[in-house]
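Chains, contacts and geometry: an overview
Chain by chain, the residues:
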Amino acid sequence: MNLGGTVRISRCGMLTLFGLCVLIIVYYVATNHQVKGSLANTLKSQLRFNKKPQDKFVDMGRLLAVAIEVAERGGNVVKQVRRDSDLNLKSKGKTREGVINPVTDGDMRSHYEMYFGLKKMFPQLTVISEEHMHPTAVHPDILPISGHNAEVERLTITELDDPVQMDDITVWIDPLDATKEYSENKLQYVTTMVCVAVRGEPVMGVIHQPFKQDTGVTYWAWAERGHSQTLKLGKQPEFTSSQLPDPLKVLVSMSHTGGKTEVLAKKAFGESTKIVPAAGAGYKALATLWGEGDVYLHTTLIKKWDTCAPNAILRAMGGKMTTLSGQTINYAAREEDKKEKIEDGLLGAAFFHNLLLEKVKKAQQT
């Protein structure tokens, strides 16, 4: 019995085998490169967003991710308090116009969540809030902050560090904007807001609408870097130096309807001007971007925590916000700049801010 023999491989078979090997190698190299690239980006992201904050510098991408998270957490608390029905409504006093300035458990519990959430991640950060801690208040047990946001990480994935000195940063928070309307169940106007100012300039803004849709909607923008997919500009109105849209839509505070602000608006923009009553600086700024109003006009005292996030978002989207005298607003926390009040009104617009401001100035002079 002969078990021996020879095995012959044809030239054609050898070429086929060689070609198959080449294809396998090419496929491996290509896919491995993609995996490595993806892995590298993932590792960069993890390094960036998981590293511990340094005392002197702040990673701005990480700060924005945390700001978004605490605004949404504050919004969740605001919704929970509203569902409980007992708001524990109190008065902080009256405004100069004689309107009661209310505060609720929603304001305070949102403040705790937002303020201490930021402080948990950035202990040395300067954070200024509309609400203030009661001397006997117990430090709340804040759950861990993830500090991750996929949209933000896509903006920053190519840069491991975007550090800014801690001393140059001031964060302004409004734990519940439109408290009066919150207590009246006009919930479409309610927002929670966070703003990051660098050397006085508002560069990051977060506005969260907790009662919009089932889970709330968050809008954010980072100057010269990008913005959330939720932020969209409405159609640009047709403006010329001599011809305004007819009628021009002017967003004013509900409590100012029929008063000084409405008189000034019609004097500046014409009797056909359409007054659009609304509440909350955050909502009104968003409404100018959506096209519900052409300009946001405010003629009385307003606080910086009301305006910082709206200002940052308008700026990042190509709009502008100034006082009625045309001054930019300084949000730095240095002692000489630490005034919380804006005394001479406000004008914000997504388009043609300077033209609209000039018309208001002329109306004030006559």
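Residues numbered from 1 in each chain as written. Predicted model: local features only at pLDDT ≥ 70, side-chain atom pairs only at ≥ 80, totals over all residues. Heavy atoms only, no water.

As recorded in an unreviewed UniProt entry, the protein goes by inositol-phosphate phosphatase and comes from Amphibalanus amphitrite. On record in UniProt, under Cofactor (unreviewed entry), the comment for the protein is "Mg(2+)". The protein has a UniProt comment under Sequence similarities (unreviewed entry) that states "Belongs to the inositol monophosphatase superfamily." (UniProt positions renumbered as here; feature names shortened; annotations may be inferred.)

**What about the UniProt feature "binding site: Mg(2+)" (unreviewed entry) in the protein?**
Mapped onto this numbering, the UniProt entry annotates "binding site: Mg(2+)" (unreviewed entry) at Glu-130, Asp-174, Leu-176, Asp-177 and Asp-306. The named residues occupy 177 residues along the chain; their greatest pairwise C-alpha distance, 9.6 Å, places them in one compact cluster. The topology assignment puts Glu-130 in the loop between β4 (126–129) and α4 (150–156). Within the secondary structure layout, Asp-174 lies in strand β6 (residues 169–177). (Helix = DSSP H or I, 4+ residues; strand = E, 2+ residues; numbered from the N terminus.)

**Some points on the sheet that holds β6**
Pairing is mixed across the open sheet formed by six strands, whose spatial order is β4-β6-β7-β8-β9-β10. Each of the sheet's edge strands pairs with one partner strand only, and the pair in question is β4 and β10 (226–227). Note: strand β7 (residues 191–198) against strand β8 (residues 201–209), seven bridges, orientation antiparallel. Pairing of Ala-197 across the sheet is with Pro-202, part of β8. Sitting on the sheet, helix α8 (residues 304–316) is in contact with β4, β6, β7, β8 and β9 (217–222), with an inclination near 105° to β8. (Pairing = 2+ DSSP bridges. Contact = heavy atoms within 4.5 Å. Axes fitted to C-alpha atoms, helices over the stretch in contact; angles between N-to-C directions.)

**Focus on the sheet that holds strand β12 (residues 274–278)**
The five strands are arranged β12-β11-β13-β17-β15 in an open sheet whose pairing can be described as mixed. Of all the strands in the sheet, just β12 and β15 (320–322) have a single pairing partner and so form its edges. Averaged over all adjacent pairs, the angle separating strand axes in this sheet is 20°, with direction ignored. Note that strand β13 (residues 295–298) and strand β17 (residues 346–349) share three bridges and pair antiparallel. Its bridge partner lying in β17, Leu-297 is registered against Leu-347.

**Quick look at unusual backbone geometry**
The omega torsion across Asp-246 and Pro-247 is 5°, close enough to zero to call that bond cis. Structurally, the position occupied by Pro-247 is in the loop between β10 and β11 (249–253). Non-glycine residue Asn-88 carries a positive phi angle of around 55°. Note on placement: Asn-88 falls in the loop between α2 (60–84) and β2 (90–94). Assessed through its relative accessible area of 33%, Asn-88 is described here as partly exposed. Here Phe-352, not a glycine, exhibits a phi torsion of approximately 55°, which is positive. Note that Phe-352 resides in the loop between β17 and α9 (353–365). (Buried < 20%, exposed > 50% of the residue type's maximum accessible area, 1.4 Å probe, protein only.)

**Considerations on the pairing of β9**
One face of the sheet, then the other: side chains in a regular strand alternate in exactly this way. Judged by how many residues are buried, β9 sits mostly within the fold: six of six residues are covered. With burial as the criterion, each face of β9 is covered, one bearing Val-217, Tyr-219 and Ala-221 and the other bearing Thr-218, Trp-220 and Trp-222. Bridging between β8 and β9 involves six bridges; their strand directions are antiparallel. Note that in β9 the partner of Val-206 across the bridge is Trp-220. Strand direction decides the pairing type here: β9 and β10, joined by two bridges, are antiparallel. Each residue of the ladder has a partner; that of Trp-222, found in β10, is Gly-226. Counting the residues between successive antiparallel strands, the hairpin from β9 to β10 contains three residues, one of them, Glu-224, with a positive phi of roughly 65°.

**Details of the packing of α2 against helix α3 (residues 105–121)**
Any two packed helices are characterised by how steeply their axes cross, that is the angle between the axes, and by the distance between the axes. For the pair α2 and α3, the least separation of the axes is 8 Å and the interaxial angle reads 155°. With respect to each other, α2 and α3 are oriented roughly antiparallel. Read as a crossing pair, α2 and α3 show a hand that is right-handed. Residues Arg-62, Leu-63, Val-66, Val-70, Ala-71, Arg-73, Gly-74, Val-77, Val-78, Gln-80, Val-81 and Asp-84 of α2 lie in contact with α3, whose contacting residues are Asp-105, Gly-106, Arg-109, Ser-110, Glu-113, Met-114, Gly-117, Leu-118 and Met-121. When the residues that make up the contact of α2 with α3 are grouped by side-chain class, the tally is ten nonpolar, five polar and six charged. (Parallel < 35°, antiparallel > 145°, perpendicular 65-115°, else oblique. Left-handed = near helix turned anticlockwise from the far one by under 90°. Nonpolar A, V, L, I, M, F, W, Y, C, P; charged D, E, K, R; others polar.)

**Details of the state of the cysteines**
Here, disulfide denotes a covalent bond that connects the sulfur atoms of two cysteines. Taken as a whole and judged by the stated rule, the model has one disulfide. A sulfur-sulfur distance of 2.1 Å marks the disulfide that ties Cys-195 to Cys-308. Its S-S torsion of approximately -50° makes the covalent link between Cys-195 and Cys-308 left-handed. Here Cys-195, found in strand β7, pairs with Cys-308, found in helix α8; they are 113 residues apart in sequence, far enough to count as distant. (Disulfide = S-S within 2.5 Å.)

**Points about the side chain of Thr-288**
The residue Thr-288 is located in helix α7 (residues 281–290) in this model. Polar side-chain contacts of Thr-288 include one of 2.6 Å to the backbone oxygen of Ala-285. In this structure Thr-288 touches Leu-251, Gly-293, Val-295, Tyr-296, Leu-314, Gly-348 and Ala-350, once residues within four positions along its chain are discounted. (Polar contact = N/O pair within 3.5 Å; in protein donor to acceptor, adjacent residues only side chain to side chain.)

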